[in-house]
Amino acid sequence: MDILSHALWANLVFKELPVEQRSLTVVFGVMPDFVSFLKVFGKDFIRKTMHYTDPPLKNFPKIVFTIYNITHSLVIWLGVFLILKIFSFDYAALAFCGWGLHILLDIFTHTKSFFQTPILFPFSNSFSNCLTPFLIAPGTIRQSSLIIQTYFPWAHLNPRFIKYPQERRTIS
């Protein structure tokens, strides 16, 4: 899932939070990918990876995979979350849930062919393999409709406003 999608989902899931805290949650929601791929953001890399499909993995330095494993591990996320809760940083702990949401979304949307999510890293090298592949293809349409329904509740289809075609009368 791309960074923009993670931002939209975090904003959607935590829409009931005050704007300041929701904004921080959205920032935490994009951080796993931002931190992982920060090293490769450059003109040369962008030029090499301008594809309509996933860019070749050979274009990524090895450090990207290591950072990705750290930032996308539920074990590491849970450890940081518990530290925040133990030291009563409740505001930060709630905002940090955006990071956890990011990991959960990646578990269901990444395939083994491109950046699998290392759920139990560093204790296990097992990866998720897109538990629900149907989420990938129509994801943009489903995501757009979910966001429209959430942020514009008046935009749903109301039977009063639907004009049905009149029945055709056939001569028998």
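Right above here is the structure, for reference.
Please read all numbers here as calculations on a predicted model, not as lab measurements.

What follows covers the overall build of the protein. In terms of helices and strands, the protein carries seven helices and zero strands. In the protein, the succession of helices and strands from N to C terminus is α-α-α-α-α-α-α. Evaluated residue by residue, the protein yields a buried proportion of 34% over its 172 residues.

With that settled, consider the environment of H72. Within the secondary structure, H72 sits in the loop between α4 (62-71) and α5 (74-86). Given the relative accessible area of 0%, H72 is considered buried. Distance from H72 to P118, taken between C-alpha atoms, is 6.3 Å for residues 46 residues apart in sequence.

To continue, consider unusual backbone geometry. A cis amide bond links F121 with the next residue in sequence, P122, at an omega value of 10 degrees. Within the secondary structure, P122 sits in the loop between α6 (90-109) and α7 (139-151). Although it is not a glycine, S88 adopts a positive phi angle of roughly 60 degrees. Inspection of the secondary structure puts S88 in the loop between α5 and α6.

Our next topic: the pattern of salt bridges. This model, assessed by the stated rule, comprises two salt bridges. For the salt bridge of K15 with E16, the shortest nitrogen-to-oxygen distance reads 4.0 Å. Where D90 meets K85, a salt bridge forms, and the shortest distance between an N and an O atom there is 3.3 Å. Given a relative accessible area of 43%, D90 falls into the partly exposed group. Taking relative accessible area as the criterion, K85 reaches 41% and is therefore assigned partly exposed.

Here the focus is helix α2 (residues 19-37). The end-to-end C-alpha separation of α2 is 27 Å, in line with the 27 Å expected for 19 residues at 1.5 Å each. At M31, α2 is deflected by roughly 45 degrees, the largest bend along its length, and proline P32 occurs up to four residues later in sequence. The complete set of buried residues in α2 reads Q21, R22, T25, V26, G29, V30, P32, D33, S36 and F37. For α2, the elements touching its buried residues are α1 (3-13), α4 and α6.

What follows is about the nonpolar core. Counting residues in each nonpolar core, the largest one holds 17 residues, and the members touching the most others are W77, F81 and F96. Broken down by secondary-structure element, the contributors of at least two residues to this core are α1, α2, α5 and α6. If one sorts the elements of this core by residue count, α6 sits on top with eight residues. One finds V40, V64, Y68 and F114 within the second-largest nonpolar core, a separate group that totals seven residues.

On to the side chain of S36, then. In this fold, S36 is placed in helix α2. Overall, the relative accessible area of 0% leaves S36 in the buried class. At a separation of 2.8 Å, a polar atom in the side chain of S36 contacts the side chain of T71. Residue contacts for S36: discarding those within four places in its chain leaves M31, V64, I67, Y68, T71 and H72.

What counts and what doesn't
- Residues numbered from 1 in each chain as written.
- Predicted model: local features only at pLDDT ≥ 70, side-chain atom pairs only at ≥ 80, totals over all residues.
- Heavy atoms only, no water.
- Helix = DSSP H or I, 4+ residues; strand = E, 2+ residues; numbered from the N terminus.
- Buried < 20%, exposed > 50% of the residue type's maximum accessible area, 1.4 Å probe, protein only.
- Salt bridge = Lys/Arg side-chain N within 4 Å of Asp/Glu carboxyl O.
- Expected span 1.5 Å × (residues − 1).
- Bend = angle between axes of the 7 residues up to and from the residue.
- Contact = heavy atoms within 4.5 Å.
- Core = buried A, V, L, I, M, F, W, Y, C linked by side-chain atoms within 4.5 Å.
- Polar contact = N/O pair within 3.5 Å; in protein donor to acceptor, adjacent residues only side chain to side chain.

The analysis is restricted to geometry; functional conclusions fall outside its scope.
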